[in-house]
Amino acid sequence: MDLPLPPSAPTIPIREDLRLRPWRVGDEDVITAECQDPEVQRWTTIPTPYTRENAEFFLEITASDWASGAGGSLALVDPREDVPFGSFGFVSIRADHRAAEIGYWLGAGRRGHGYATAAVIALSEYALGLVGLDEVFLRIDPLNLASAAVARRAGFELTETAVADARTSEPMDTYSLFAARLRPESA
């Protein structure tokens, strides 16, 4: 089943001081710096240590993923500065289930201001509305209380606990948001 993902990364306005935009060449140094954060390294699957070459590869793979229809990551920016301070995107899309996993990280200096919640809501609405998926979900380490709080604030519900898969041997909790809660069933 094909999904109506665009062949290039979208720009998703969130509010006046926040938007998701495509990652681009020139963002490598910001990505490299932000991925030195021990919390980003602790809660994500990024390589450690994280190098500029890792950032270059990330930009290549996310552009390739969007071009192939698999989705990808977007940079979170304040449009007035246009300097990325977070990454939010599709980690995987399950076309057969019409579902997508959203993964993200947020720079240390921007935590605690509601940016992650706003970006997760915006990307979820994009996936469930414009793309037409039936479900989006987040896989969160049970010890990552901040991300679990983001999931709850964004309207996600805990649907599975302590599940491991091929991506990580660590048990993860799954928080899901279903389209039926955002749009009428007849749509």
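Please read all numbers here as calculations on a predicted model, not as lab measurements. (Residues numbered from 1 in each chain as written. Predicted model: local features only at pLDDT ≥ 70, side-chain atom pairs only at ≥ 80, totals over all residues. Heavy atoms only, no water.)

A. Summary view of the pairing of strand β5 (residues 99–106). Burial analysis of β5 places 7 of its 8 residues in the buried class, which makes it a mostly covered element. When strand β4 (residues 86–94) meets β5, the two strands line up antiparallel, connected through 8 bridges. Its bridge partner being in β5, arginine 94 is matched across the sheet by alanine 99. Summarising the sheet, β5 and strand β6 (residues 135–140) pair through 3 bridges and their orientation is parallel. (Buried < 20%, exposed > 50% of the residue type's maximum accessible area, 1.4 Å probe, protein only. Helix = DSSP H or I, 4+ residues; strand = E, 2+ residues; numbered from the N terminus. Pairing = 2+ DSSP bridges.)

B. Up close: the environment of arginine 152. Relative to the elements of secondary structure, arginine 152 occurs in helix α5 (residues 145–153). Overall, arginine 152 belongs to the exposed group, its relative accessible area being 51%. Counting along the chain gives 24 residues from arginine 152 to serine 176, while the straight-line C-alpha distance between them is 9.6 Å.

C. Just helix α3 (residues 52–68), in detail. Over its 17 residues, α3 runs 24 Å from end to end, which matches the ideal 24 Å to within 8%, given 1.5 Å per residue. Listed in full, the buried residues belonging to α3 are Ala55, Phe58, Leu59, Thr62 and Trp66. One face of α3 carries all of its buried residues, which in axial projection span an arc of 95 degrees. Among the exposed residues of α3, those oriented more than 90 degrees off its buried face are Glu53, Phe57, Glu60, Ala67 and Ser68. Of the surrounding secondary structure, the elements contacted by the buried residues of α3 are α1 (28–34), β3 (73–77), β4 and α4 (115–130). (Expected span 1.5 Å × (residues − 1). Arc of directions from axis to C-beta. Contact = heavy atoms within 4.5 Å.)

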